[in-house]
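Fold and contact review
Okay, here's what each chain looks like letter by letter:
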Amino acid sequence: MTDTTSGGNADNGAASPAPENLPRLAILSQYVKDLSFENPNAPGTLNTSGEQPKINISVNVQARRLTDPRYEVDLKINVDARQADRLVFMIELHYGGIFQLTNIPPENLQPLLLIECPRLIFPFARRIIADATRDGGYAPLMIDPIDFAALYRSQAAAAQSKAAASNAPLN
């Protein structure tokens, strides 16, 4: 028994080559640029009094061109945990990725770099933070998924406001 397609050509399961002009995103590498975990009040903060620390998380994303078509995307995550105004722990993670972007329309380049690229590397940064808190003597901190589109919009709005303020006439 043989399988043939209706055109008479045998389907060998090989994917047909993609046209060269299709948009393409590839992750070339990921790396920790900087990682700091501070546990200044241990072992006093390691006992569980039942009160959960207040955790503040800030996220910043930046991108820069390396050599066309390669770009570096930096994901900076800062975490600070406090209990009754006492620092429990603090983490600063600067995580990077190198991306190769080809055939991307110019109007889509910035949103792709600041929304999709950090979305792809975030799970790895999240694991590093969870491991650091666990290794510091606490329960692993599992950061909720981040809406990078909302972060992009808020950064764009802040940049517009700053530009508008700098162009305002002086009285």
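What counts and how
- Residues numbered from 1 in each chain as written.
- Predicted model: local features only at pLDDT ≥ 70, side-chain atom pairs only at ≥ 80, totals over all residues.
- Heavy atoms only, no water.
- Phe/Tyr/Trp six-rings, centres within 6.5 Å; stacked < 30°, edge-to-face > 60°.
- Helix = DSSP H or I, 4+ residues; strand = E, 2+ residues; numbered from the N terminus.
- Buried < 20%, exposed > 50% of the residue type's maximum accessible area, 1.4 Å probe, protein only.
- Expected span 1.5 Å × (residues − 1).
- Bend = angle between axes of the 7 residues up to and from the residue.
- Pairing = 2+ DSSP bridges.
- Axes fitted to C-alpha atoms, helices over the stretch in contact; angles between N-to-C directions.
- Contact = heavy atoms within 4.5 Å.

The next thing to look at is the packing of aromatic side chains. Scanning the entire structure with this criterion turns up 3 aromatic pairs. Between phenylalanine 89 and tyrosine 138, the ring centres sit 5.1 Å apart and the planes meet at 40°, which makes this aromatic pair tilted. Pair noted here: phenylalanine 89 is in strand 4 (residues 86–102) and tyrosine 138 is in the loop between helix 1 (106–135) and helix 2 (148–166), with a separation of 49 residues, a long-range link. Residues phenylalanine 89 and tyrosine 138 agree in their burial class; the two are buried.

Turning our eyes to something else, we now look at helix 1. Taking 1.5 Å of rise per residue, the 30 residues of helix 1 would be expected to cover 44 Å, and the 43 Å separating its terminal C-alpha atoms lies within 8% of that figure. If you look at helix 1, its biggest bend is around 45°, right at leucine 112. Positive phi appears at glycine 137, one or two residues downstream of helix 1, with a value of about 105°.

On to the sheet that holds strand 3 (residues 70–83). A sheet is described by the order of its strands in space; here 4 strands give the open sequence 1-4-3-2, paired in antiparallel fashion. Two strands bound the open sheet, and with one partner strand each, they are strand 1 (24–38) and strand 2 (54–65). The sheet shows a mean angle of 15° between the axes of neighbouring strands, taken without regard to direction. With 14 bridges joining them, strand 3 and strand 4 adopt antiparallel strand pairing. Directly across from leucine 75, in strand 4, lies its bridge partner tyrosine 95. Against the sheet, helix 1 engages strand 1, strand 2, strand 3 and strand 4, with an angle of about 140° to strand 4. Across the sheet, helix 2 touches strand 2 and strand 3, and the angle it forms with strand 2 is around 75°.

Read these as layout, nothing more, since geometry by itself doesn't imply function.
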